[in-house]
Amino acid sequence: MEFELWWLLGIPVFFALGWIAARVDIKQLVSESRSLPRDYFRGLNFLLNEQPDKAIDAFIEIVKLDPETADMHFALGNLFRRRGETERAIRVHQNLLARPDLPQEQQVHAEFELGQDYLKAGLLDRAEETFNRLIETQYAAQARRALLEIFQREKEWPRAIEAALGLQESGAGARQKEIAQFYCELAQDALVHIHPDDALPLLEKALQADRKNVRATMLTGDAQLAMHDAEGALRTWRRVEQQSVPHVALVAQRLMDGYRTVGRPQEGVNLLKSYMAEASSIDLLEVVFKAVIELDGVDAAKQLVSEELRRTPTLLGLDKLLEARLMDVPAAHWAELSLVKNLVHGYTQKLARYQCSHCGFKARQFYWQCPGCSRWETYPPRRTEELNVMN
């Protein structure tokens, strides 16, 4: 293989070119570092020494000299807000807004960040005022979402409905589920104050927004019952099965009480048993168990629980079976069986929880809005152990 000598001459040439390029980069870096204001390094030093207040003062001086460094302040403000230091975040963004020569785009950005600071700090009045000023800007969608969150926190449901409708009209996504829940909140308040006639039109609007809203159907039955229309309430509550079969467990006690009111308790038991065959649930079993004891006696209740436990083996079901066994156990065995029952019951209390499918927040009672993440309709109507068995 023939080797050309001129390749050897190329090696030092390439080396020299690399050395020159490196020198140029170093000179540029040194030049840029010298052009940075002294306050920049002072601010960094204060941050490293955990003196954020002095760091902010130093960075503010930089903005006075060079408005282009405003991006650094936005980053600093976001850092403080995420760390929960909302007072410092507010101070950063307020000082930016105080700059008369700050470009319009950055002023709007600073106002949006300030609104988020107020929201994080719980200063809802100031946050609302700030986000309202941003409705006609490029931050309109984010401002509307923030306002919707504020109105929900303050339980201002009519304004929440208006904000949700505004988001829909702006093309920010459907909000039908939330709107239906807001109408349900208003109806719930009317029922609490014994105004069922005011609740019914609100619930109709809720169902117009979301035909599958189980809560609206349940509350409609409550309003009818409050107006002494028990038969109408029963017909309404039975419609829950058409909306969501698993949710019949939530309306089971209402149905059983309603059938007792109209003098047809056995019909109620038969209906709930048919629901159990279609959608097993420990809450549904609880209601049927008590009704069967009342109507047919302890032996029938034990048989009911035994059959359900074979079909869906859970510790919650076992706990219910032991409860039934204790009702007629011989005195000689009562203490021993009671001990077992108490041990199982103590453990099942940890399993008898509803769990949010979004954030995982667990609760003893069913919520339409998760207390952890504030999302609507994220709780399945079954306890966590039942969901694990099904999966």
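Before any of the text, the structure's been laid out above.
Residues numbered from 1 in each chain as written. Predicted model: local features only at pLDDT ≥ 70, side-chain atom pairs only at ≥ 80, totals over all residues. Heavy atoms only, no water.

## Topic: unusual backbone geometry
Inference 1: Phi angles above zero are rare outside glycine, and I194 is one such case at about 55°.
Inference 2: Residue I194 is classed as exposed on the basis of its relative accessible area, which comes to 68%.
Inference 3: Of note in the backbone geometry, S374 takes a positive phi value of approximately 65° without being a glycine.
Inference 4: Tracing the chain through its elements places S374 in the loop between β2 (362–363) and α21 (384–390). (Buried < 20%, exposed > 50% of the residue type's maximum accessible area, 1.4 Å probe, protein only. Helix = DSSP H or I, 4+ residues; strand = E, 2+ residues; numbered from the N terminus.)

## Concerning helix α8 (residues 140–153)
Inference 1: For α8, with 14 residues, the first-to-last C-alpha span of 20 Å sits near the 20 Å given by 1.5 Å per residue.
Inference 2: For α8, the complete set of buried residues consists of A140, A143, A146, L147, L148, I150, F151 and Q152.
Inference 3: Of the residues one or two after α8, K155 is the one with positive phi, at around 60°. (Expected span 1.5 Å × (residues − 1).)

## Remarks on the environment of T261
Inference 1: Among the secondary structure elements, T261 is positioned in helix α15 (residues 248–261).
Inference 2: For the pair T261 and E231, spaced 30 residues apart in sequence, the C-alpha to C-alpha distance is 9.3 Å.
Inference 3: For T261, the side chain forms a polar contact with the main-chain oxygen of D257, separated by 2.9 Å. (Polar contact = N/O pair within 3.5 Å; in protein donor to acceptor, adjacent residues only side chain to side chain.)

## Concerning the side chain of T130
Inference 1: Assignment of secondary structure puts T130 in helix α7 (residues 124–132).
Inference 2: Under the relative-accessibility criterion, T130 is labelled buried at 2%.
Inference 3: Apart from residues no more than four positions distant in its own chain, T130 is found in contact with E111, G115 and Y118. (Contact = heavy atoms within 4.5 Å.)

## Considering the pattern of salt bridges
A side chain of one charge can pair with a side chain of the opposite charge if their charged atoms are brought near each other.
Inference 1: This model, assessed by the stated rule, comprises 18 salt bridges.
Inference 2: Close ionic contact of E178 with R175 constitutes a salt bridge, the shortest N to O distance being 3.5 Å. In terms of burial, E178 and R175 fall into one category: buried.
Inference 3: In this structure, a network of salt bridges that share partners links the residues R81, E113 and D117. (Salt bridge = Lys/Arg side-chain N within 4 Å of Asp/Glu carboxyl O.)

## A look at helix α6 (residues 104–121)
Inference 1: In a regular helix each residue adds 1.5 Å, so 18 residues correspond to 26 Å; α6 covers 26 Å between its end C-alpha atoms and thus fits that length.
Inference 2: Q106, V108, A110, E111, F112, E113, L114, G115, D117, Y118 and L119 are the residues of α6 that are buried.
Inference 3: Following α6 by one or two positions, G122 adopts a phi angle in the positive range, close to 80°.

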